[in-house]
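A structural walkthrough
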Amino acid sequence: MPRTASIESMKDHIPGMLLRERKARTPDDIHVEIHAHAPVQEPVVVPAVPEPMLVWIVSGEPVVEERPLGGEWLAVPVRRGDFYLTTSPAPVEMRWRNTGAEPFRVMHVYLGLPLLARLVKELTGKELARFALREVSGERDPVLCGLFEALHGALSGPVPAAPSFVHGVAQAITAHVVAHYECAADGRVVMRGGLPAHKLRRVLDAMHAGLAEPFDLGRLAGLAELSVFHFSRVFKQAIGMSPSRYVARLRMDEARRLLADTSQSVLDVGLAVGYTSPSHFAQVFRDATGTSPSAWRAARQRAA
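In what follows, the accompanying structure is described. Just so it is clear, the model here is predicted, and its values are computed rather than measured.

In this section: the pairing of strand S2 (residues 30–37). Working note: regular strand, side chains alternate between the two faces of the sheet. Of all eight residues in S2, eight are buried, a share of seventy percent or more. Along S2, one buried face is formed by Ile30, Val32, Ile34 and Ala36 and the opposite face, lined by His31, Glu33, His35 and His37, is buried too. As paired strands, strand S1 (residues 17–22) and S2 are joined by five bridges and run antiparallel to one another. When the sheet's bridge partners are listed, Arg22 is paired in S2 with Val32. Bridge count between S2 and strand S9 (residues 104–111): eight bridges; the pairing is antiparallel. The partner of His31 across the bridge, within S9, is Tyr110.

Shown next, in the form of C-alpha cells:
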C-alpha cells in the first residue's frame, strides 16, 4: 500500500478558510488543521499523503462524495462527531453539499510516522512497513470523538495549547487507531515515502501564486530541491497528474471563479490565469468545460 506525497497539503487542495493550524513540533508529533468549508464544493483533487490522516466533522451535515480519479462517486452523509481515516496510496477526488443549518467545519489530524512506528511496535510487535490501517469514511467512534473534542477545544481557545497536552492526546489517538483499525497487509511492504510536507507546501504555494506567470517546471523542481525528472515523478504520484496538467487545472478553476464572482472582462480573466492570447484562453477553456468563457458566464448568471 504505497504512500507517495505529503502532510500539510490538504489546505492547498480543498478550498475554504484555515481557522487554526498547529504544526508538528517534532517528527514524533501530530499536525492539526481546523477548516471552514463552503456549503457546496465542486470536485477537487486531494493528494495521497504518507501519514495516516484523520478528519473529524466539527459541525455541519454534509453529504460528502469521494472517488478514485475517474472512478465512481461514493456518497456518505456525515454529521458532527463522524470521522474519516485515510491512508490512500493514490489521490482521490472529493465534493460535498452541506444540508444542515450549521457551517461545515472539519479538523484534520496527521499522525507523525515516528509516533505511529513506535506505537505499532509497542502494541503489535510489528515494524511499520508490515502494518496497515483500513480506510474509514464517515463512521463514529466514541473514544476518538472524545479525544478529538478535547484536542479541538484546546486548539480553539484563546490560550495556546500546552505541548505536553497535545502530545498526550496525540499518543492516545494513535494508540487507539493502531489497536482498533488495523487491517491485513497481505504480506506486502507498506511504503510511506514521498515528497516531504514542507517541500510540497512550497511548490503548491508557488503554483497558486504564479497562475498568471509562464509555467516553469525547472523553478518548481528547484523549490522542491529535486531534479526535474524526480520532481515530476513524485509530484504525479502525489497528485495524480503531471505538474503542468495540475497547473492547467488550477488555472481553469480560478478562471471559473473569476468569471462567476467578478465583473472582470474575459480578456482580463485570461490574463489573470496566464493566457496572453484570448483565442488560446478560449480554446483551453472550451476544452475544459465544453463551452466558451462568455457562454459559461452567461449560463451561470441565468442560473443565479
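Take the pattern of salt bridges next. Inspection of every chain in the model, using the stated rule, returns 14 salt bridges. Lys126 is the partner of Glu182 in a salt bridge, and the nearest nitrogen-oxygen pair spans 2.3 Å. Taken as a pair, Glu182 in strand S12 (residues 182–183) and Lys126 in the loop between helix H2 (113–124) and strand S10 (132–133) lie far apart in primary sequence, 56 residues in all. Given a relative accessible area of 32%, Lys126 falls into the partly exposed group. Glu254 is paired through a salt bridge with Arg257; the nearest N and O atoms lie 2.8 Å apart. Here Glu254 pairs with Arg257, and both are found in helix H8 (residues 243–261), just three residues apart, close to one helical turn. According to the relative accessible area criterion, Glu254 is partly exposed, its value standing at 22%.

Look at H8 against helix H11 (residues 293–303): their axes get within 9 Å of each other, and the N-to-C directions meet at 50°. One finds that H8 runs oblique with respect to H11. Like other packed secondary-structure pairs, H8 and H11 cross with a definite hand, here right-handed. Of the residues in H11, those in contact with Arg256, Leu258, Leu259 and Ala260 of H8 are Pro293, Trp296, Arg297 and Arg300. Taken together, the residues of the contact of H8 with H11 sort by class into five nonpolar, no polar and three charged.

The rules behind each value
- Residues numbered from 1 in each chain as written.
- Predicted model: local features only at pLDDT ≥ 70, side-chain atom pairs only at ≥ 80, totals over all residues.
- Heavy atoms only, no water.
- Buried < 20%, exposed > 50% of the residue type's maximum accessible area, 1.4 Å probe, protein only.
- Helix = DSSP H or I, 4+ residues; strand = E, 2+ residues; numbered from the N terminus.
- Pairing = 2+ DSSP bridges.
- Salt bridge = Lys/Arg side-chain N within 4 Å of Asp/Glu carboxyl O.
- Axes fitted to C-alpha atoms, helices over the stretch in contact; angles between N-to-C directions.
- Parallel < 35°, antiparallel > 145°, perpendicular 65-115°, else oblique.
- Left-handed = near helix turned anticlockwise from the far one by under 90°.
- Contact = heavy atoms within 4.5 Å.
- Nonpolar A, V, L, I, M, F, W, Y, C, P; charged D, E, K, R; others polar.

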